[in-house]
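So you can see what is in the structure, the chains are spelled out below.
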Amino acid sequence: MDVRRLQLWEGRHATMLSNESLRSVIEDRGGMVLELSNNNATGGRVNAHPQYWFHGKGYSVASDDNHEFWRDSTLLYYLGGNFLCFPNFGPDHRVGDVYHEPHGWTANGLWNVVKYGTDAEFGANWLLSSMKGPDSAYPFDAWKIDMLLPGHPVLYSSVTVKNTGTVPLPANVAWHNTTGAPFLESGSVINLCADSFSTVVENSEFDRTGRLAMGKEFTDLSKAPLRKEGTCDLSVVPGMIGYTDFVTGKVPDDSRLGWSSVINPRQKMVYFSFFTGPAAAEANEIPLRFNNLWMQYGGRPFTPWALYDGGTDQTFCLGVENAVGHFANGLGRAAAEEKLLGAPTVVMLPPGETRVQRYGTAFTSFENSKMGAGIQSVEQVVEGLVLKRGKAWAFIESDSTFHFLKKMEGKLLHL
């Protein structure tokens, strides 16, 4: 078990949390989880998160001599494998008098490290960081706890947000999990808890990049409608095919556990994110309503995804995001639409009150090769999570009800 501060590049710092198996590196800027690594079945270490080839190494995009390559985007300059999007999930835009940065202030701003350490009671390594909303017209305070427990291949995260103003605030909330090479390969298998899906609607960033039909609902991830005739199987990663698409799926209302998964059958490894489902969410919790797939398999012929505008997209990754939002169209569109697939696209933060979102991201290997074909169901047990396929199963030692994360909140937060 280890927790320590790192200097990555000049003026840029991160916190490393590790236990017997899992290692995470969380940059202060945007809370970007640059590394979430574990040992594979042969003992070699693999990072599930992409190291984007265009990732900036300077202090900021504004100070970089080649800032136009990143389109002056702080988000793209610092982009990492997972981060929290709040209160916007989508492109930058204005809602009333408030300008929202792409994917929200939490993805672009600096998380201030309050303190970090190891808990004497149950041995957890933890990091507490905070952020204050930069616009007085949208006032909030946020506190984020990242935590590892002994023996658990899971990064636990808790974000508590307080509306410090006098009027209700509408918000998007999303965890932007993204897998990449060397973990992600063609033939990797995607499974979601969602049971109904929709392709992205027109007038989004995917209009010119995708192969999927626009605004079409479907119920089987293996039969997604194409713009041309026919369907395709989204549950199997095809590799670099020259397209970038986005699909959302509704987390069932009666789910006590929400989840999404990527399995690499060759490496016998699974990347599994989980959260409290709508049916089990407490009054002060923010339930995530959607599984999202951002399928970045080529298709963006412009910088920084390509070497030059009009060039070939160099970027291969898969976003398995979980959110409250309207696809990834931003807070303004989400507030206007109100619902998608029958689920709410915004959460309201009452004035003076706090809301919390708890989340777990597991990355581990499994033994039974039959699980390489994908997950059919997930069972919560006292010791963790059981991933099932027929009579085959894989076990992830974990705290799926976030008991210890809640205890850590009680120790660290005095709100």
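Residues numbered from 1 in each chain as written. Predicted model: local features only at pLDDT ≥ 70, side-chain atom pairs only at ≥ 80, totals over all residues. Heavy atoms only, no water.

A.B. asks: A description of the pairing of strand β12 (residues 154-163) should follow, citing residues and the corresponding values.
C.D. replies: Across the ten residues of β12, nine count as buried, placing the element largely inside the fold. Of the strand pairs in this sheet, strand β11 (residues 140-148) and β12 are connected by eight bridges, and their pairing is antiparallel. Within β12, the position partnered with Trp-143 by the bridge is Thr-160. Counting the residues in the hairpin turn of β11 and β12 gives five residues, including Gly-151, whose phi is positive at 80°. Summarising the sheet, β12 and strand β29 (residues 354-365) pair through nine bridges and their orientation is antiparallel. From the neighbouring strand, Ser-158 faces β29, where its bridge partner is Arg-358. (Buried < 20%, exposed > 50% of the residue type's maximum accessible area, 1.4 Å probe, protein only. Helix = DSSP H or I, 4+ residues; strand = E, 2+ residues; numbered from the N terminus. Pairing = 2+ DSSP bridges.)

A.B. asks: Which residues make up the sheet that holds strand β30 (residues 377-381), and what are the values?
C.D. replies: Strand order in this open sheet of three strands is β30-β31-β32, and the pairing throughout is antiparallel. Edge positions in the sheet fall to β30 and β32 (392-397), since each of these pairs with one other strand and no more. This sheet shows a mean twist of 20° between the axes of neighbouring strands, independent of strand direction. As judged from the five bridges shared by β30 and strand β31 (residues 384-389), these two strands associate in the antiparallel manner. Directly across from Val-378, in β31, lies its bridge partner Leu-387. (Axes fitted to C-alpha atoms, helices over the stretch in contact; angles between N-to-C directions.)

A.B. asks: Could you give an account of the layout of surface pockets, naming the residues involved and the relevant values?
C.D. replies: Of the voids in this model, the largest pocket is the one considered here, and its volume is about 700 Å³. If you go around the largest pocket, you meet 29 residues; those closest to its centre are Leu-76, Pro-91, Glu-205, Arg-300 and Trp-305. Here the lining of the largest pocket is composed, by residue class, of 16 nonpolar, eight polar and five charged. Of the pockets and cavities examined, the second largest pocket occupies roughly 230 Å³. Of all the secondary-structure elements, those providing two or more residues to the lining of the second largest pocket are β16 (189-192) and β30. For the lining of the second largest pocket, the element with the most residues is β16, which contributes three residues. Grouping the constituent residues of the lining of the second largest pocket by class yields eight nonpolar, six polar and two charged. (1 Å grid on protein atoms, 1.4 Å probe; cavity = no way out; pocket = protein on both sides within 12 Å on 5 of 7 lines; lining within 4 Å. Points joined across faces, edges and corners; volume = space filled by probe spheres on them. Nonpolar A, V, L, I, M, F, W, Y, C, P; charged D, E, K, R; others polar.)

A.B. asks: Explain the sheet that holds strand β2 (residues 12-18) to me, and be specific about the residues and the numbers.
C.D. replies: Pairing is antiparallel across the open sheet formed by five strands, whose spatial order is β1-β2-β3-β4-β5. Looking at which strands have only one partner, the edges of the open sheet turn out to be β1 (2-9) and β5 (45-47). When strand polarity is set aside, the average angle formed by the axes of neighbouring strands in this sheet is 20°.

A.B. asks: Go over the pattern of salt bridges with me, naming the residues and quoting the values.
C.D. replies: By the definition in use, this model includes 20 salt bridges. The salt bridge involving Arg-5 is made with Asp-28; its shortest N-O contact spans 2.7 Å. A residue pair is termed long-range when its members are at least 10 positions apart, and Arg-5 in strand β1 and Asp-28 in the loop between β3 (23-27) and β4 (33-39) qualify at 23 residues. In this structure, the salt-bridge partner of Lys-407 is Glu-121, at a minimum N-O distance of 2.8 Å. Here Glu-121 lies in the loop between β9 (112-118) and β10 (125-132) and Lys-407 lies in helix α4 (residues 403-412), a separation of 286 residues in the sequence. (Salt bridge = Lys/Arg side-chain N within 4 Å of Asp/Glu carboxyl O.)

A.B. asks: Just give me the short version of empty space enclosed by the protein, but keep the residues and values in it.
C.D. replies: Rolled over the atoms, a probe as big as a water molecule pinpoints where empty space is left. The full count for this structure, using the stated rule, is three cavities of 30 Å³ or more. Taken as a whole, the largest cavity spans an internal volume of roughly 60 Å³. Around the largest cavity, the lining residues are Ile-26, Gly-31, Val-33, Asn-82, Phe-83, Leu-84, Lys-144, Asp-146, Leu-155, Ser-157 and Trp-175. Along the lines of polarity and charge, the residues of the lining of the largest cavity split into six nonpolar, three polar and two charged.

A.B. asks: So, the side chain of Thr-364: which residues are in play, and what are the values?
C.D. replies: Assignment of secondary structure puts Thr-364 in strand β29. For Thr-364, the contacting residues outside a window of four places in its chain are Asn-38, Pro-153, Lys-268, Met-269, Val-270 and Ile-396. (Contact = heavy atoms within 4.5 Å.)

A.B. asks: Just give me the short version of the packing of aromatic side chains, but keep the residues and values in it.
C.D. replies: The full count for this structure, using the stated rule, is 26 aromatic pairs. An angle of 90° between the planes, with centres 6.4 Å apart, marks the rings of Tyr-156 and Phe-402 as edge-to-face. In this pair, Tyr-156 sits in strand β12 while Phe-402 sits in the loop between β32 and α4, placing the two residues 246 residues apart along the sequence. Its guanidinium or amino end placed over the ring of Trp-111, Lys-144 lies 5.3 Å from that ring's centre, counting from NZ or CZ. The ring of Trp-305 has Arg-300 sitting right over it, with the charged end atom 4.6 Å from the ring centre. (Phe/Tyr/Trp six-rings, centres within 6.5 Å; stacked < 30°, edge-to-face > 60°. Lys NZ or Arg CZ within 6 Å of the ring centre and 35° of its normal.)

A.B. asks: Before we move on, can you summarise unusual backbone geometry with the specific residues and values?
C.D. replies: In this model, Phe-86 is joined to Pro-87 through a cis peptide bond whose omega is -5°. For Pro-87, the position within the fold is in the loop between β6 (84-85) and β7 (93-95). Ala-181 connects to Pro-182 through a cis peptide bond whose omega is 10°. You can see Pro-182 is positioned in the loop between β15 (178-180) and β16. Notably, Arg-71 is not glycine yet its phi reads approximately 55°, a positive angle.

A.B. asks: Pulling in residues and values, what's your account of the nonpolar core?
C.D. replies: Membership of the largest hydrophobic core comes to 55 residues, with the highest contact counts inside it found for Phe-86, Tyr-138, Met-147, Phe-272 and Phe-274. Looking at this core, the element that brings in the most residues is β11, giving five residues. Non-local contacts of Phe-272, meaning those with residues more than four positions away in its chain, are made with Trp-259, Ser-260, Ser-261, Gly-360, Thr-361, Ala-362, Ile-375, Val-378, Leu-385, Leu-387 and Ile-396. Of all hydrophobic cores here, the second largest spans 35 residues; its members include Ala-48, Cys-232, Met-295 and Leu-318. (Core = buried A, V, L, I, M, F, W, Y, C linked by side-chain atoms within 4.5 Å.)

A.B. asks: Quick one: what's the story with the side chain of Glu-285, residue by residue and with numbers?
C.D. replies: Counting through the fold element by element, Glu-285 comes out in the loop between β23 (269-276) and β24 (290-297). Within the structure, the side chain of Glu-285 is placed 2.8 Å from the backbone nitrogen of Glu-282, a separation counted as a polar contact. At 3.3 Å, the side chain of Glu-285 forms a polar contact with the side chain of Arg-358. (Polar contact = N/O pair within 3.5 Å; in protein donor to acceptor, adjacent residues only side chain to side chain.)

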